[in-house]
Amino acid sequence: MLHDRTDEKAERERLLLDLVRALPSNDYDEQRVLLLAEGSGFYKVVEFFFLQRKNYDKVLAAAVSNVPPGSVKYLTHAGMSVLLS
Amino acid sequence: MIYIYNRCAIAIVPTCYLARALPSGSRTTYGTIAAHRGLLDYSTPLLELMGMLESNAADQSVVAKLKHDILAYTSFTLAGRNFPEGTPIPKGRVLETKTQILQCLFEALEPSSAERTAAATNTMASADDGTPVRESLAPSFRITKLLRLDTAETLDAIGNAFNDTRFSIHHASSLSHHVVTHARMVDVLTAVLVDTAQPTFAAPGLNAAWPFTPNDQVAYFCFLAKFIALGTISLPTGSNLLQRIFSCLTWVTNVSARTSQTRTHRLAVSLPPTRVPTNAARSHRRKGRTRAPAA
């Protein structure tokens, strides 16, 4: 059950996000939860905290980190010429 | 047993007859469940099933069958359905039924005299070698047995009761003092499942002295997180349970997060940098530089 399965990670991230959304922020140590979430790669949770603080550059950084590996295609000269033609 | 229903005088005769007529054994379980249902008695079948489980503890196949029956019976009844047909229990009886089952499971049982003496000798034995003793004389609960059978499944079954708002503290106070509230259930489940010897800032580790594995505890914390997020449960302020939940939700994934990060890094490095336009090349190089120390 506790193996590094991506669907389980997503499930936990969803649970944590629901939890921090539902709880008033003075119920828990926000900084600690943020660190924990960052450490486990729960970028949606990180994004949520930074949005709350209106720290938009960090929100963007979290969103960029959230991009799954392999989904970014680097634009090459060849690709550029195809796009422009 | 005393039945508080008007109907009992009529119903008791045929049921006693039925119970005697049926031979004992697991095959007749469903028959007795149906017979007790006629008496609006939902807790006795559960007690009988659990009794059968204890007496047949050696036979693995019987245990598996009984385990399924017990968990399915609990789950069905707490969801307001008859077992094993799955037909809905009449609306007027649902609350009473659920209350019976919950009372049966969450009732504090006094330790038997045998357990008392065992605990006493334990205390004496551990006093010599200096190991701390757990409160062996704390009340036990029937739910403990179910949880030890299968924690995740039992929590699923109990979750059905958490979906019923009538067991929340606000509603329950207006109903009757017999209703087992959500808060009470959480208290009992926490006392039974959570190993308080573990630090709150870390996920539960292995403890051979504790009957529940870290996996079981993680399942419970996930269960709590779900119902706290739904607003069904509210933990008292200052409770360290919340800290445990946070540690636990973020714990397991640490490993996978680290591996996926290294994978991204490797991917970025191995990408062919040939004929990349200058802007992209610069950002790519910058990316490589910032990621490099992390490897």
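Everything numeric in this text was worked out from a predicted model, so none of it was measured. Note on numbering: residues in each chain are counted from 1, in written sequence order. To label them, take the chains in the order written and letter them from A, then take the ligands in the order written and number them from 1. Under the rules for a predicted model, residues below a pLDDT of 70 receive no local features and side-chain atom pairs below 80 are neither given nor counted, while totals for whole chains, interfaces and linings still include all residues.

Chemist: Quick question: what am I supposed to make of the overall build of chain B here?
Modeler: Across its full length, chain B holds 14 helices and two strands. For every residue, the other C-beta atoms within 10 Å of its own C-beta are counted; 20 or more classify it as buried, 12 or fewer as exposed, and values in between as partly exposed. C-beta atoms are placed from the backbone. Of all 295 residues assigned to chain B, the portion counted as buried reaches 24%. The long-range share in chain B, meaning contacts at least 24 apart out of those at least 6 apart in sequence, stands at 56%. A run of H or I in DSSP counts as a helix once it spans at least four residues, and a run of E counts as a strand once it spans at least two, with each numbered from the N terminus. What counts as a contact here is a pair of residues whose C-beta atoms, placed from the backbone, lie within 7 Å.

Chemist: I'm lost on the overall build of chain A in this one. Help?
Modeler: The helix and strand inventory of chain A stands at five helices and zero strands. Here chain A holds 85 residues, and 21% of them are scored as buried. Taking the contacts inside chain A whose residues are at least 6 apart along the sequence as the reference set, 33% of them involve residues at least 24 apart.

Chemist: Can you help me understand unusual backbone geometry in this one?
Modeler: Trans is the prevailing form of peptide bonds, just as negative phi is the prevailing case for residues other than glycine. Going from Phe83(B) to Pro84(B), the amide bond is cis rather than trans, its omega being 0°. Looking at the element boundaries, Pro84(B) is found in the loop between helix H4 (60–78) and helix H5 (91–106).

Chemist: What is the right way to look at the confidence of the model for chain B in this model?
Modeler: As a note on interpretation, predicted positions should not be read in detail where pLDDT is low. Residue and element names in this part refer to chain B. Across the chain, each position has a pLDDT score giving the predictor's confidence in that residue, from 0 to 100. For chain B, the mean per-residue pLDDT works out to 71, and 62% of the residues sit at or above 70. This model gives residues 1–26 a pLDDT under 50, and the stretch forms 22 contacts once residues within four places in sequence are excluded. Note on the complex model: pTM 0.69, ipTM 0.75.

Chemist: Any chance you could explain the packing of H4(B) against H5(B) here in plain terms?
Modeler: Helix packing geometry: the angle between the two helix axes and the distance between the axes. All names here are of chain B. Here, axes are lines fitted to C-alpha atoms. For helices the fit covers the stretch in contact, and angles between N-to-C directions go from 0 to 180 degrees. Contact geometry for H4 and H5: axes closest at 9 Å, N-to-C directions at 140°. In the crossing of H4 with H5, the sense of the turn from one axis to the other is left-handed. Residue-level inspection shows Thr 74, Thr 77 and Leu 78 of H4 in contact with H5, the latter providing Thr 97, Lys 98 and Ile 101. Tallied by class, the residues present in the contact of H4 with H5 amount to two nonpolar, three polar and one charged. Should the near helix be turned counterclockwise from the far one by less than a right angle, the crossing is left-handed, whereas a clockwise turn marks it as right-handed. Side-chain classes follow a simple rule in which Ala, Val, Leu, Ile, Met, Phe, Trp, Tyr, Cys and Pro form the nonpolar group, Asp, Glu, Lys and Arg form the charged group, and the remainder, Gly included, forms the polar group.

Chemist: How should the nonpolar core be read in this particular structure?
Modeler: Note that soluble globular proteins tend to have their nonpolar side chains buried in a common cluster. Of all hydrophobic cores here, the largest spans 60 residues; its most connected members are Leu16(A), Tyr220(B), Phe221(B), Leu224(B), Ala225(B), Ile245(B) and Leu249(B). Among the elements that line this core, the one with the most residues is helix H11 (residues 214–229) of chain B, at eight residues. Shared between two domains, this core takes at least three residues from each, and those domains are domain 1 (1–111 + 136–182) and domain 2 (194–253) of chain B. If sequence neighbours within four positions are ignored, Ala225(B) has contacts with Leu15(A), Leu19(A), Ile245(B) and Leu249(B). Any set of buried Ala, Val, Leu, Ile, Met, Phe, Trp, Tyr and Cys residues joined through C-beta atoms within 7 Å is what this text calls a nonpolar core. Boundary definitions for the domains trace back to an automatic or database domain assignment.

Chemist: Quick question: what am I supposed to make of H5(B) here?
Modeler: Side chains that are three or four residues apart share a direction in an α-helix, a result of its 3.6 residues per turn. Residue and element names in this part refer to chain B. One less than the number of residues in a helix, times 1.5 Å, gives the span that helix is expected to have. An ideal rise of 1.5 Å per residue puts 22 Å on 16 residues; H5 measures up with 23 Å between its terminal C-alpha atoms. All of the buried residues along H5 are Thr 97, Lys 98, Thr 99, Ile 101, Leu 102, Leu 105 and Phe 106. If you follow the buried residues of H5, they end up packed against helix H3 (43–55), H4, strand E2 (140–141), helix H7 (142–149), helix H8 (151–162) and helix H10 (182–193).

Chemist: So what exactly am I meant to see when it comes to the environment of Leu71(B) here?
Modeler: Residue and element names in this part refer to chain B. Along the chain, Leu 71 falls in helix H4. Judged by the 18 C-beta atoms lying within 10 Å of it, Leu 71 is partly exposed. When residues no more than four places from it in sequence are discounted, the contact partners of Leu 71 are Asp 150, Glu 153, Thr 154 and Ala 157.

Chemist: How do you make sense of the environment of Val194(B) when you look at a structure like this?
Modeler: Residues and elements named next belong to chain B. Inspection of the secondary structure puts Val 194 in the loop between H10 and H11. Judged by C-beta crowding, with 20 C-beta atoms within 10 Å, Val 194 ranks as buried. Filtering out sequence-adjacent residues up to four positions away, Val 194 remains in contact with Gln 217 and Arg 244.

Chemist: What is the right way to read the packing of H11(B) against helix H12 (residues 241–251) of chain B from this model?
Modeler: All names here are of chain B. Put simply, H11 and H12 touch, their axes get as near as 9 Å, and they point 115° apart. The orientation of H11 with respect to H12, classified from their angle, is roughly perpendicular. In this structure, the crossing between H11 and H12 has a hand that is left-handed. On the side of H11, the interface is formed by Val 218, Phe 221, Leu 224 and Ala 225, while H12 contributes Arg 244, Ile 245, Cys 248 and Leu 249. Looking at the contact of H11 with H12, its residues break down into seven nonpolar, no polar and one charged. Here roughly perpendicular refers to angles of 65 to 115 degrees, roughly parallel to angles under 35, roughly antiparallel to angles over 145, and oblique to all remaining angles.

Chemist: Looking at this model, I keep getting lost on the confidence of the model for chain A. Mind explaining?
Modeler: For chain A, per-residue confidence averages 82 on the pLDDT scale, and 89% of positions sit at 70 or higher. When mean pLDDT is compared element by element in chain A, helix H3 (residues 43–52) of chain A scores highest at 90, while helix H5 (residues 77–84) of chain A scores lowest at 81.

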